[in-house]
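Coordinate inspection notes
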Amino acid sequence: MAIRLAPSILSADFAQLGVEIDRIRPEADWLHVDVMDGHFVPNLTIGPPVVRSIRRHTDAYLDCHLMMTDPGDYLKAFAEAGADSCSVHVEVGNTADLIAEMRSLGLHAGLAVNPETSIEECEPWLDRIDLLLVMSVHPGFGGQEFMPVALSKIARAASLAQRDDLALTIEVDGGIDVRTAGRVAEAGATMLVAGSAVFGQDDPVEAARAIRRAAEQAVAA
Ligand code: DX5
Ligand code: ZN
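For every chain, the first residue of the written sequence is number 1, and numbering continues from 1 along that sequence. Here chains are named by letter from A upward and ligands by number from 1 upward, in the order in which they appear as written. Whole-chain, interface and lining totals are the exception, using all residues; otherwise, since this is a predicted model, local features are given only for residues with pLDDT of at least 70 and side-chain atom pairs are given and counted only at 80 or more. Values reported for side chains reflect all heavy atoms of the structure, with hydrogen atoms and water molecules removed beforehand.

1. Some points on the side chain of N114
With respect to the helices and strands, the residue N114 is situated in the loop between β5 (108–113) and β6 (131–135). Each residue gets one of three labels from its accessible area relative to the maximum for its type: buried under 20%, exposed over 50%, partly exposed in between, using a 1.4 Å probe on protein chains only. You can call N114 buried: its relative accessible area is 5%. By definition in these notes, contact holds between two residues if any of their heavy atoms fall within 4.5 Å. The residues touching N114, leaving out its near neighbours within four places in the chain, are F40, H89, E91, M135, P139 and K153. Secondary structure elements are defined from DSSP: runs of H or I of at least 4 residues count as helices, runs of E of at least 2 residues count as strands, and each element is numbered from the N terminus.

2. Regarding the packing of aromatic side chains
Two rings belonging to Phe, Tyr or Trp (six-membered ring only in the last case) form a pair when the distance between their centres is within 6.5 Å. Interplanar angles under 30 degrees mark stacking, angles over 60 mark edge-to-face geometry, and anything in between is tilted. Across all of its chains, the model carries 1 aromatic pair by this definition. With 4.2 Å between their ring centres and 15° between their planes, W30 and Y61 make a pair best called stacked. One end of the pair, W30, is in strand β2 (residues 30–36); the other, Y61, is in strand β3 (residues 61–67), and 31 residues separate them in sequence. On the accessibility criterion, Y61 (16% relative accessible area) is buried.

3. Details of the sheet that holds β2
Two strands are said to pair when DSSP picks up at least two bridges between them. The 8 strands lie next to each other as β1-β8-β7-β6-β5-β4-β3-β2, forming an open sheet whose pairing is parallel. Since the sheet does not close on itself, it has two edges, and those belong to β1 (4–7) and β2, each with one partner. For this sheet, the mean angle separating the axes of adjacent strands, direction not counted, is 25°. Bridging between β6 and strand β7 (residues 169–173) involves 5 bridges; their strand directions are parallel. Paired with L133 across the bridge in β7 is E171. Along the sheet face, helix α4 (residues 95–104) touches β4 (85–89) and β5 and points at about 150° away from the line of β5. Note on geometry: axes are lines fitted to C-alpha atoms, helical ones only across the stretch in contact, with angles between N-to-C directions running from 0 to 180 degrees.

4. Some words on unusual backbone geometry
In this model, N94 sits at a positive phi of 60°, which is unusual for a non-glycine residue. Relative to the helices and strands, N94 is located in the loop between β4 and α4. One non-glycine residue, D165, lies in positive phi territory at about 55°. Relative to the helices and strands, D165 is located in the loop between α5 (149–163) and β7.

5. Some remarks on the layout of surface pockets
A pocket here means an open set of points on a 1 Å grid, computed over the protein atoms alone, that has protein on both sides within 12 Å along at least five of seven lines. A cavity is instead a set of points where a 1.4 Å probe fits but cannot get out; residues with an atom within 4 Å of a point line either one. Grid points are joined across faces, edges and corners, and a volume is the space filled by probe spheres set on the points. Roughly 350 Å³ of internal volume is contained in the largest pocket. As for the largest pocket, its lining consists of 30 residues, and the residues nearest its centre are G142, G143, Q144, G174 and G175. Gly is placed with the polar residues, together with every amino acid not listed as nonpolar (Ala, Val, Leu, Ile, Met, Phe, Trp, Tyr, Cys and Pro) or charged (Asp, Glu, Lys and Arg). Among the residues making up the lining of the largest pocket, the classes are represented as 12 nonpolar, 12 polar and 6 charged.

Here it is, written out as structure tokens:
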């Protein structure tokens, strides 16, 4: 399975977002867009108007991670702004309706799971989503330490996806760098989100390549 990379613009310079996106674009299979509501997580970031501006600027796949208590109030706005996928957190509940709403809006449907939440909470939905987003940090901030609890969840989801022949992208988010990329790829993650390990580096393009290389070497070994 090929490893893909989703640089998180959370760690980019928001005053130069277009420049940052253009620079990383050749290494970005997706762009990961972190949306925080100051309620589900103790931080605020960006919303549909910024997604709309990014959409006008690039054809990149926009993978919107909605760290929000009430994502259902905003799905339509994200779809209209040009999001390709939205991921809602399983912890906010109402999962069946949220998945149905994402589908009816033409979005790829993602489900995100926090470090302290059991993967079993997600299992009933795996055949109805496109994307499982396994958090390997507590959501809210970039630059945190990778939490190994994500590994067994990734492995469990990967084995269920294989058993049931599901077209499921398993994405991992938080603390991904050259040291952790191989571990998550070996466990079965196929989409790696990286923020500070890409945009926080002097050469983000080379940093992204190095992360991809580390992951690919681990799965080839
Ligand atoms: C954290 C966000 C992440 C964040 C990852 O709440 O969901 O996407 O950007 O940043 P790093 O890669 O620095 O851990
Ligand atoms: Zn994220």
